[in-house]
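# Breakdown of the fold
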Amino acid sequence: MRIAVASGKGGTGKTTVAVNLAISLAATEPIRFVDCDVEEPNAHLFLNPELSDREVVVKLLPEIDEATCTHCGACAEACEFSAIAVLGEEVLVYPEICHGCGRCRMVCPMDAISEVPHELGVVEWGTARGFPFAHGLLNVGEAMATPIIHRLKEDLDERTAILDAPPGTGCPTIAALAEADVALLVTEPTPFGLHDLRAAVGVARSLDVPTLVVINRAGIGDTGVESYCRDEGIPIALSIPFDREIASLYSEGTALVDARPEWGRRFLDLASEIKESTK
């Protein structure tokens, strides 16, 4: 089973839920944890993994042989992302928006395009609390996180995987949610939380991924999230109260279930509800 813990915005407590769910579930079955928030991974601050392997992730950028190129424009016409432009006798490549798909090389009638690797970031693997752990880190200044997320997901096996998805509803989030068995959407009971929850639900539904909701900081806002979930038939699987001690534990890098063991039972109940939702 693949459980993607996501949210429509950052700062809702997504990593808090993912980490505590993983720690609780690891006591009952084999799991693995994958931090897909490669722009700002932080699950390692709570799980303290021992990292043993590291791999550079690259994308292949087109390189033009100007001596062979006839400047016919086939490459620019074929590129869906406008990453190549032919201006007179010169071909310009825009690496920031190139997706490394190789289509330009395939359509070039003169075989004037080769591909060179461009480093996007790294993935690292290890163990945390006895279960496999992986995370990725996008290089500063790079815009394309999805290849790193795809690489992280290549090693998923039959055990339950907890995927800490990137915040938002863009391509990185879609890459993490794709092929998940369930999306656990973390929100807060405020108008902002509701707005972004609606967007996250829309993404999950477009991918045909069942959704459940966790309300974090319950008690600080209004009942809009609860009303929306009721109207949409989305189960609220867990509510975490607005609690100064919980916030303090987070700021110290301490998992909630470590400091307050009674929460371990609640996260196991959450896991049971997740599994029931996929039957």
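Residues numbered from 1 in each chain as written. Predicted model: local features only at pLDDT ≥ 70, side-chain atom pairs only at ≥ 80, totals over all residues. Heavy atoms only, no water.

## Points about the packing of aromatic side chains
In the structure shown here, the tally under the stated rule is three aromatic pairs. Seen in terms of ring centroids, Phe 33 and Phe 133 are 5.9 Å apart; in terms of plane orientation they differ by 5°. Their pairing is stacked. In this pair, Phe 33 sits in strand β2 (residues 31-35) while Phe 133 sits in strand β7 (residues 131-138), placing the two residues 100 residues apart along the sequence. Classification of Phe 133 as buried rests on a relative accessible area of 1%. Seen from their ring centres, Phe 46 and Tyr 250 are 5.0 Å apart, and the 40° between their planes marks the pair as tilted. A residue pair is termed long-range when its members are at least 10 positions apart, and Phe 46 in helix α2 (residues 44-47) and Tyr 250 in helix α9 (residues 244-251) qualify at 204 residues. You can call Phe 46 buried: its relative accessible area is 7%. One cation-aromatic arrangement involves Arg 266 over Trp 263; the distance from NZ or CZ to the ring centre is 4.1 Å. (Phe/Tyr/Trp six-rings, centres within 6.5 Å; stacked < 30°, edge-to-face > 60°. Helix = DSSP H or I, 4+ residues; strand = E, 2+ residues; numbered from the N terminus. Buried < 20%, exposed > 50% of the residue type's maximum accessible area, 1.4 Å probe, protein only. Lys NZ or Arg CZ within 6 Å of the ring centre and 35° of its normal.)

## Considerations on the pairing of strand β1 (residues 2-6)
Where burial is concerned, most of β1 is hidden: four out of the five residues are buried. Note that β1 and strand β8 (residues 160-164) share four bridges and pair parallel. Pairing of Arg 2 across the sheet is with Ala 161, part of β8. Note: β1 against strand β9 (residues 182-187), four bridges, orientation parallel. Across the sheet, Val 5 pairs through a bridge with Leu 184, a residue of β9. (Pairing = 2+ DSSP bridges.)

## Thoughts on a negative patch on the surface
A cluster of acidic residues, Glu 63, Asp 65, Glu 66, Glu 89 and Glu 90, forms a negative patch on the protein surface. Mapped onto the fold, Glu 89 is located in the loop between β4 (84-87) and β5 (90-93). (Patch = residues over 30% accessible without salt bridge, like charges linked within 9 Å, V, L, I, M, F, W, Y side chains within 5 Å. Areas by Shrake-Rupley, 256 points an atom, 1.4 Å probe, with all protein chains shown as cover. Salt bridge = Lys/Arg side-chain N within 4 Å of Asp/Glu carboxyl O. Lys, Arg positive; Asp, Glu negative; His and termini not counted. Charge placed at Lys NZ, Arg CZ, Asp CG, Glu CD.)

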